[in-house]
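# Fold and geometry: a report
For reference, the chains in residue letters:
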Amino acid sequence: MASWLGGLGSGLGQSLGQVGGSLSSLTGQISSFTKDILLEGAEEVGDAATELHMSNSRLREIESINAAQKFENERLKKICSDLEEKHEAAELQIKQLSIEYRNQLQQKEVEISHLKARQNALQEQLQKVQTAAQSAQLRAGVLPPAATSATYVPVVRHSSEFEGDDMDFGDIIWSQQEINRLSNEVSTLESEVDHWKQIALSSKVQGTNDAEQSEICKLQNTVKELKQHLSQEIDEHQHELSVLQDAHRQKLVEISRRHREELSEYEERIEELENQLQQGGVSTDAMDDSKISEQKKSAQSLEAGKVEELQVVKDLEDKIGILSHKLSAAKEENKILLKEQELAKVEKIQIMQEYENLKSDFSMLQSSVAEQDALQKEQEKNLQSKASLPEDVVRLQQALLEAENEIARLSSLNQGIEKELTSAQHKNENILSACTEDQNSELSQLRQDLERKEHELNESIAERETLIAELEELDKQNQEATQHMITLKEQLSKQHTETDSIIKQLKSDIDFERKKVSELEIEKMETMKELDSQKEKLSKCSHAFNDLHTSKQQLQDNIKDLQEQLRKSQDCNLHNEKEIGDLQQRLKEREEELSVSLSKLTDKSNQESNYTCQDLILKEREVEISKLQNDISENKQLNEDLEKSLSDLRTENGKLVSAIEELKQELSDAISEKKKVYLEKDTVVEALKMEKRQLESELNLTEKRLLEQAHKYKQTIEELSNARSMDTTALQLEHERLVKLNQEKDFKIAELKRSIEQMEIDHQETKEMLTTSLGGQKQLTELIKEKEVFIEKFKNQALQVKQELEEYMKVSKKQDVLKQNLEEKDRSLAVMKEENNHLKEEIERLKDQQSRSTPVVEPKTLDIIIELESEVTQLKVIKNNLEEEIEVHKKTIEDQNQTTMQLQQSLQEQRKEIDESKFQCEQMNVTHERLSLEKDEEIKNLQKTIEQIKTQLHKERQIIQTDSSDLFQETKVQTLNGENGNEKHDLSKAEIERLVEGIKEREMEIKLLNEKNVSLSQQIDQLSKDEVGKLTRIIQEKDLEIQALNARVSSASYRQDVLCLQQQLQAYVIEREQVLAVLSEKTRENSQLKTEYRNIMDMVAAKEAALVRLQEENQKLFNRSENSSQDMSRETIQNLSRIIREKDIEIDALSQKCQTLLTVLQTSSTGADNGSGGVNSNQFEELLQERDKLKQQVKKMEEWKQQVITTVQNMQHESAHLQEELHKLQAQISVESDSNSKLQVDYNGLIQSYEQNEKKLKSFSQELVQVQHSIGQLHNTKDLLLSKLDLVTPSVAAASTISQLSGIQYRAPEVHSDECKLLQKELEQLKKSLEEKDSTIRTLQENNQRLSDSVATASEIERKSQEGTESEMRQIKERHDVLQKSLREKDILIKSKSDQLLSVSENLSNKENENELLKQAVTNLKERNLILEMDIRKLKEENENIVASCREKETEFRALQETNMQFSMMLKEKEFESHSMKEKALAFEKLLKEKEQGKTGELNQLLHEVKSMQEKAVTFQQERDQVMVALKQKQMESSALQSEIQHLREKEQRLNQELERLRNHLLEMEDSYTREALAAEDREVKLRKKVLILEEKLLSSSTAVENASHQASLQVESLQEQLNLVSKQRDETVLQLTISQDQVKQYALSLANLQMVLEQFQQEEKAMYSAELEKHQKQTAEWRKKAENLEEKVVSLQESLGEANAALDAASRLTEQLDIKEEQIEELKKEGEIRREMLEDVQNKLMNFMNSTEGKVDKVLMRNLFVGHFHTPKNKRPEVLRLMGSILGIKKEELDQLLSEDQRGVTRWVTGWLGGGAGSKSVPSTPLRPTHQNIFNSSFSELFVKFLETESCPSLPPPKLSVHDMKPLGATGTGKTSSTPSNSQMQDSAVSGVSRRPDTSPFLAPRSAAVPLITPASSSGHLLMKPISDALPTFTPLPVSPDASAGAVLKDLLKQ
């Protein structure tokens, strides 16, 4: 608890110390900040530019500071977050540690329970041992050994008991110690945790530095390491303990075991001895004695052993005890060390805290030193300005030196402390690492050091306190100046903020415009780049086009050659086919002959037995067959050749087709790229032109409007100024009435002029409409021609570029070839050189050999040398040739380089031209921007003037109207504003937010404008009265003008114009109707064409669908036919082959049977020969008959076989034919699909081209519209220029007046910028002028009465004249209104009609274009339809052919099926026959069996015959098979050839058709493209021409403008001369009326600022006020009208801007700014009303105060006057006495009498009264309470003195305040700025009437808040008029300059 409380206390102390440190640092920061402010105040610059620069630099500095602070904040946040994380980590660690400790506690408890269990067990063992010992005693009671043993047992027991008790006690002590240690550790950890928490909190509060963080981290690391060491040591100790305990246990166990064993042995021994005693009798007594003695000896020895063992056990126990003692001692030492470590840590922390405190103190001292430095600098400045405070400065310097010394000493101390700290840390680490007994001594040393340091610290703190006391004194002296400077700084900062806001706005505007310019430049660059790229593309396209043309021509030649080859091949094919047909016929004939010959052969074989003739025939046949085979082989070769040629033709054809397609694609690509390029160029040019025209037109419009507005505003300003200069008397009334009349007349004149101008403009517009409608077509044609010329030029350029490129390409190719040659030559040279080197080496080698060898030269070597020499000569010749070639190449390269250089020069020239064009464009942009900037400036000036007028009006209302009228007007204004707001600001939320931001930005500008308004109002007041005469003259002139206008309106020409316009209107109506009728017809035609187009499209789609269906059907049929034919042929062939195999098997079986029978017969015949005579003849005959039958059957079978073979051959032929037909069909289908795909591709291409054409047409129509629009704009610009020329003269006058106004404006803010910034200053002015007004009002009343009498007469005359003029004006107005209404209606009608006409004409042109497009599309579709129909017909025909072929194949299949049936029937018959044969064979076998014995000879003969027959049959079969195979091969080949031939023919036909179609298509496409290109060129040429014409017009207009401007400048010069004359005259008049003007000005000021005072004098003039009210209402109505007009103009502007491009955002921004300004004006009005209410309250209070303080004289004032009297030089003291007399109310005569007497009387009286003049010279140096001073700061009588002074001398204009005039703090003549605080205090006192503490600056520290604000003695005000500073000690009387008289003092006061 104590440690925890100690930790808490230390934490609290630390946090409090930190708070103090932070407070001191805060004060230091504040003082440094004030110093910065003071320094900044001096850095004012004179120039506006330099000021801007300075402000910019300051802005940057502030931004950098801001960024640094942000960075600092982020860093501090990061540090905070890190500390929080560390804090959390520490908490987590603590939690973990606590959990570990709890676990350890639980373990300890478990161990305790185990130990208790062990204790119980040991006690039980003890009890057991005791019981055992007792039993032993009982047994051995008789014997002495037993007794001895019994005596021995208790000793053992005692020892064991002691042992057990000792163990238990030691364990308990040890556990208790452990518990204590753990509790101590827990407490230390808790204290550490608290400490760390406090550190974390303090770091959070302080915002710890990086160094401290690092130190903390180090400490944490050290703590962690120490903890780890501790834990390791504890683990080691525990491990050692456990080892010792284990060893102890083992030893105990062993000892107890030994003890038990020995006991058991002893017991056994005893038993043995007893047994022996019992056994042994009396006989063995001697033996027993000896034995007993032996036993005794042994017992003694055992006892001695036991004793030894006991001693050993005791020794062990002692050792264990010592060890445990040592352990406990070590633990205690460890604890002590830990405690010492903790103490060291705590001390270290305290040292750290002290170090931090010292640091903070040091920083404080540094800040104070910095402040002192700043003070010293200021004091040095003060010394420079005036040497009035030398002692103070000396004292401060001494204090500074002392402070610096102290700081140095503290820093050295700090360094020492730091060093000592580091040494202490090192020592600490050594202590921790060593953990030895030296810790105590080191700790004691550390404590001594700490005590010493604490002592030193106390000393330093005492010194610091003394320093702080001195610093506080300095602060008191310093902060009086700082407060004053803070007020100055605040004013300056406000100015700064305002200027900064304005600068920011200007910067943003500049940036925006720069961005715009950069964007435009970027766009320009992009367009240029695009143009260049398109030019390159064009050149590439043209190259590609030429290449394509050449390749196309080559392909066409190739196609022609191929066609010729095809024709030849077709002819060859025809010949081959004829030959093949002949050969087939021959084959058939031969086959027939063969069949005939075969039949003959059979007959002959039947009839004749001779075979010779047969052999001959066979040979002949074989010869014929060989011939036929040769023919067939020749045919085959021919066919192969044909196939090869066909395949070559096909490949060539495919290549040609692909090339043609590529050509087409390239053509289309090139054309599309060309078109794109042209379109982009045109659009870019036109867009630029459009932008230019729009900008010009808008600029002209804005100029016009601005000029008009300027005129109006000027006039109104002049009138208002004249009105303002008048008084509230009858003069003012009449003057205002005159102004009203003048304004009304002006407005009427302006309206009449406008109406006339509108009439003229409308007339011109109608004329222009007519001319444009007539000349529109002409212009279009001209444009098209220009476009064509342009296109032609471009084409020529492109051709030139192409030619140049081709030349370059050729040159480059040549160069490449030359380079290659050179490289080859170089290579060859290198090779030659190598060879040369080799040869040289060989020669050298040979020489060596020669030198070595004998001088006899062999002939071989000589030959070699000769050859080598010849080779060398050849090589030299080659080398020379190569060198010549190289020179030639070099020349060529040089030529090429020259050409390239020329080309580069030409390129550079082109680039220069481009750059010049770019420069011109940039100049144009710059001029545009300059113009726009000028307009913006003019607009801003006008806005300012408007705002000034509004503010003046508002002020006038305030002056004139009562509260009720004010309220009424406010409500009206608010409602109006609300309506306007509803109308104008129907914007989105985003826009509203943007406007709000804009309003915030503009508030600063509005403040400035308010200041300017005040200055303007004052200047308006200064205008002279005698402009009333001028106004009357102006009114007369206006009347004359009105009469002239009336005459003009009533003239006949005007009526004629009206009639002409009506006739034109009627004509337009008729034209419109006609155009509408034409349009309706065109729309009808269009709709019909559209329907036709749709129908055609439907037809095409239907046909395409039909085609697709047909194709699908074809494919299905083809698949079916293929499948069916293949299946059928396969089945038939399989069946036939199966049947033949079966028959062959049967024949083989029969032959085998026959052989077996023959063998049987032979065997039987042999047996019969041996046995009996033989076989019957009958039987033999039967056999012969059977043989004949069999032969006949064989022949039949052979015939049947042949028939089958023929049928199979026929089938094969048919199948081949079918396959050929199928192939043909497939080819046809593939061709059809190809053609179809091609058709689709063509169709898609056509559609794309159609769409492109449509797009082109649309773009052209847009271009036409744009061109028309641009022409209209040009006309408008022309008219505007003409009107400009007319308006030049008035604009010049306007400019002069504007310049005058601007001069006034710029002068005014300089004078009154400071006055209008703070409302407090206005209140001060009110207070000053209160007393002035009282006297001026009386004088003005007298003047007014005089003036009213003089003006009354004049006003009556003027009223009469005005009434007459008013009646005339009303009549003219009525007429004018009627005329205007009629005119407006007609204008609206004409405009609507013209708009309708335009729209109708545009629609017509669009419809016509669409019709043309649709017509073209329809024609294209019709052509396509025809092509498709042709394709469909062809497909149908092919389909019919396919169907017919299918039918034929079906019939053939039926025939085949019938033949198949016949075959099956035949097979059945054969089977039957074979069955019968089998039966016969069986019968034959039976017969054979019966007749075994027969004739052998006959049988042998029969067998021989059978064998021969079999051989013949085999040979026949072989021949038949060979013939069949050959026939099959030939049939297959012929069928394949035929199918291929047919396929080729079909392909040729298709290719021819496609070629023709493609040719036609290409021709058509080329024609269309050429037409389009020509049309585009024509259009381009026309457009170019138009552009040239427009440029010429522009040039002419610009020259006209320049001329006009020159004339205007001349006129301006003349006007200026006139102005100079007029100004001289005016100056003369002004000199006459200066006195009256001064009075008027004063009265006007009093009226503006003191309404409540004037209410007493306004009761007589209520009628006048009501008249003024009416006038103001009229004015408001007129202003509303003006506002409405302006709103209408704004709306029109917005519409025109909406139509313009995004590039014209600047104009729209102007309107938005106007709206924002209006809103701001409204807000300002509201603020003004609020301020007015405040003013009224203040005025009420002032009146009360005046009533209360009238007739009182202030003691302070009198004292000041009295003191001032003695301060003034003697020659000017009478003036002061006069002043005092005037204040006391003494008459002038009495004063003069008093002063005329000797002055000494007065002075003596004064001195006698005072009792010596020395007392007044010095003021006591003891400072008073600061609250006393504020009461005497200002008084009413002071204000009264000032008022008197102003009355006595004429008011000079306020001095211009420039930054150069301002001097730093402490300099004399700071002027107005230095006196502002005193003024503010005066105001405070005046308002409250009670002593109040002045508002303290937020920058001051709380310590110095009570210090009063005191005006320094260095301000320009005289000491006479100033309250003496109560707080500042004065040392010596100040010397006064001899010029500083009382008058000067008062003047200074007034200036302030």
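Everything in this summary refers to the structure shown in the same document. Keep in mind it's a predicted model, so treat the numbers as computed, not measured.

Before going further, it helps to examine the packing of helix H20 (residues 1662–1699) against helix H21 (residues 1705–1749). For the pair H20 and H21, the least separation of the axes is 9 Å and the interaxial angle reads 150°. Overall, the two elements H20 and H21 adopt an arrangement that is roughly antiparallel. Considering only the axes of H20 and H21, their crossing is left-handed. Across from Val1690, Leu1693, Gln1694 and Leu1697 in H20, the residues of H21 making contact are Ala1707, Ser1708, Thr1711 and Asp1715. The residue inventory of the contact of H20 with H21, partitioned by class, reads four nonpolar, three polar and one charged.

The subject of this paragraph is the packing of aromatic side chains. What the rule picks out here adds up to two aromatic pairs. With 5.1 Å between their ring centres and 70° between their planes, phenylalanine 1762 and phenylalanine 1766 make a pair best called edge-to-face. One end of the pair, phenylalanine 1762, and the other, phenylalanine 1766, are both in helix H22 (residues 1755–1767), four residues apart, so they sit about a helical turn from each other. Look at phenylalanine 1762 and you get buried, because its relative accessible area is 17%. Of note, lysine 681 hangs over the ring of phenylalanine 794, and the distance from its end group to the ring centre comes to 4.0 Å. Taking the ring centre of phenylalanine 1260 as reference, the NZ or CZ of arginine 1579 above it sits at 3.6 Å.

The next thing to look at is a negative patch on the surface. A cluster of acidic residues, Asp547, Glu661, Glu662, Glu666, Asp669, Glu804, Glu806 and Glu807, forms a negative patch at the surface. For the negative patch, the element with the highest residue contribution is helix H8 (residues 612–725), accounting for four residues.

This part covers the packing of helix H23 (residues 1773–1784) against helix H24 (residues 1788–1796). Put simply, H23 and H24 touch, their axes get as near as 10 Å, and they point 145° apart. For H23 against H24, the interelement crossing comes out right-handed. On the side of H23, the interface is formed by Pro1774, Leu1777, Arg1778, Gly1781 and Ser1782, while H24 contributes Leu1791, Asp1792 and Leu1795. For the contact of H23 with H24, the class distribution of residues is four nonpolar, two polar and two charged.

What counts, and where the lines are drawn
- Residues numbered from 1 in each chain as written.
- Predicted model: local features only at pLDDT ≥ 70, side-chain atom pairs only at ≥ 80, totals over all residues.
- Heavy atoms only, no water.
- Axes fitted to C-alpha atoms, helices over the stretch in contact; angles between N-to-C directions.
- Helix = DSSP H or I, 4+ residues; strand = E, 2+ residues; numbered from the N terminus.
- Parallel < 35°, antiparallel > 145°, perpendicular 65-115°, else oblique.
- Left-handed = near helix turned anticlockwise from the far one by under 90°.
- Contact = heavy atoms within 4.5 Å.
- Nonpolar A, V, L, I, M, F, W, Y, C, P; charged D, E, K, R; others polar.
- Phe/Tyr/Trp six-rings, centres within 6.5 Å; stacked < 30°, edge-to-face > 60°.
- Buried < 20%, exposed > 50% of the residue type's maximum accessible area, 1.4 Å probe, protein only.
- Lys NZ or Arg CZ within 6 Å of the ring centre and 35° of its normal.
- Patch = residues over 30% accessible without salt bridge, like charges linked within 9 Å, V, L, I, M, F, W, Y side chains within 5 Å.
- Areas by Shrake-Rupley, 256 points an atom, 1.4 Å probe, with all protein chains shown as cover.
- Salt bridge = Lys/Arg side-chain N within 4 Å of Asp/Glu carboxyl O.
- Lys, Arg positive; Asp, Glu negative; His and termini not counted.
- Charge placed at Lys NZ, Arg CZ, Asp CG, Glu CD.

By themselves, these observations are geometric and do not establish any function.
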